[in-house]
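Structural overview
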Amino acid sequence: MILEAAVQEGDAVVLGPILQREGEILTRSIGGDVLLLPPSNFGVVDRGIYRSGFPSEENFPFLKALNVRSIVYLCPEPYPKVNAEFVRSQGIRLFQFGIEGSRESFVTVSNRPIMEALRVLLDIRNHPILIHCKRGKHRTGCLVGCFRKLQNWCLSSMHEEYIKFASPKIRPSDMRFIEMFDVSHMMHCVLGIIYRYHGFGHQAPRLVYQKA
């Protein structure tokens, strides 16, 4: 919902005094007008869940404005020192699920890290949360696509969203992975955890942990 139009200056956004959504960019005032730059390929997945390419140092104020509490990092490489220092200084939890990147269209993603990452996404105690890989296209697109299956999106809508963020380098293997991903496997990720479905968020139930 657009409450007030944001003023675009190049790729940056000048924030107004209220919560705004301009296209895919969710912005918020942090006390007066502030110039913030979102990471590349940034988008809103759902309330409290965001996606992007790898954040650079110039994107840190934007992440602070979102009050990011957790980051799901989908690359196997160690987190860069400047990024690691930022998440440490902000008390942000870093969840790393190392999925190897590949330029080959036939290489498929493993089920296990996707299921583990979904478990993190479903826990609202980790929200607001940012998902990112290197460019926010393929690995991030696979995770978001599988999340959409949990939200009961139709296949054509999942593919449309994947293509939007992955273009022009679309990988048929990623789309096939999303199509074949079995959400029933999620039961293996929540064994031993007491949870209940709760209507939190505008698109799908989330896992909300019960107090003993």
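Scroll up for the structure.
Residues numbered from 1 in each chain as written. Predicted model: local features only at pLDDT ≥ 70, side-chain atom pairs only at ≥ 80, totals over all residues. Heavy atoms only, no water.

**Focus on the overall build of the chain**
Stated formally: Each helix is a run of H or I in the DSSP string that is no shorter than four residues. Each strand is a run of E no shorter than two, and both are numbered from the N terminus. By definition in these notes, contact holds between two residues if any of their heavy atoms fall within 4.5 Å. Here the open area of atoms and residues is found with the Shrake-Rupley method and a 1.4 Å probe, where only the protein chains shown may cover a residue.
Tallying secondary structure elements over the chain gives six helices and twelve strands in all. Partitioning the contacts of the chain with sequence separation of at least 6, the portion at a separation of at least 24 is 58%. Carbon and sulfur atoms form 54% of the exposed surface of the chain, whose accessible area is close to 11,100 Å².

**Quick look at the packing of helix α4 (residues 138-150) against helix α5 (residues 155-166)**
Geometrically, a packed helix pair is captured by the angle between its two axes and the distance between the axes. The test is simple: To define axes, lines are fitted to C-alpha atoms, for helices over the stretch in contact only, and angles between the resulting N-to-C directions are given on a 0 to 180 degree scale. To sort the angles, those under 35 degrees are grouped as roughly parallel, those over 145 as roughly antiparallel, those from 65 to 115 as roughly perpendicular, and the leftovers as oblique. Left-handed describes a crossing in which the near helix is turned anticlockwise from the far one by less than a right angle; the clockwise case is right-handed. Each residue receives one of three labels: charged for Asp, Glu, Lys and Arg, nonpolar for Ala, Val, Leu, Ile, Met, Phe, Trp, Tyr, Cys and Pro, and polar for the others, Gly being one of them.
Two elements in contact, α4 and α5, have axes whose closest approach is 10 Å; the angle formed by their N-to-C orientations is 160°. As summarised for this structure, α4 and α5 are arranged roughly antiparallel, according to the angle between their axes. Relative to α5, α4 is oriented so that their crossing is right-handed. Here α4 contributes His138, Gly141, Val144, Gly145, Arg148 and Lys149 to the contact with α5, which in turn contributes Met158, Glu161, Tyr162 and Ala166. By residue class, the composition of the contact of α4 with α5 is four nonpolar, three polar and three charged.

**Examining the sheet that holds strand β7 (residues 49-52)**
Quick reminder of the rule: Two strands pair if DSSP finds at least two bridges between them.
Taken together, the five strands give an open sheet; going across it, the order is β6-β7-β10-β8-β9, and neighbouring strands pair in mixed fashion. Looking at which strands have only one partner, the edges of the open sheet turn out to be β6 (43-46) and β9 (93-96). Averaged over neighbouring strand pairs, the angle between their axes works out to 25° when direction is ignored. Both β6 and β7 contribute to a ladder of three bridges, which runs antiparallel. Bridging across to β7, Gly43 finds its partner in Arg51.

**Describing the pattern of salt bridges**
Let me state the cut-off plainly: What makes a salt bridge here is a side-chain nitrogen of Lys or Arg within 4 Å of a carboxyl oxygen of Asp or Glu, nothing more. Throughout this description, buried means an accessible area under 20% of the type-specific maximum (1.4 Å probe, protein chains only), exposed means over 50%, and partly exposed covers the range between.
Scanning the entire structure with this criterion turns up three salt bridges. With a shortest N-O distance of 3.3 Å, Glu116 and Arg112 are connected by a salt bridge. Here the residue Glu116 and the residue Arg112 both occupy positions in helix α3 (residues 111-122), the gap between them amounting to four residues, near one helical turn. Judged by its relative accessible area of 31%, Glu116 is partly exposed. Since its relative accessible area comes to 57%, Arg112 is described here as exposed. Close ionic contact of Glu161 with Arg148 constitutes a salt bridge, the shortest N to O distance being 2.8 Å. You can see Glu161 sitting in helix α5 and its partner Arg148 sitting in helix α4, a full 13 residues away along the chain. Assigned by exposure class, Glu161 and Arg148 land together as buried.

**Let's talk about the side chain of Gln151**
Defined as follows: Whenever two N or O atoms come within 3.5 Å, that pair is a polar contact, provided that in protein one can donate a hydrogen and the other can accept it, and provided that, for residues adjacent in sequence, both atoms are side-chain atoms.
With respect to the helices, strands and loops of the structure, Gln151 is situated in the loop between α4 and α5. Within the structure, the side chain of Gln151 is placed 2.9 Å from the side chain of Asp46, a separation counted as a polar contact.

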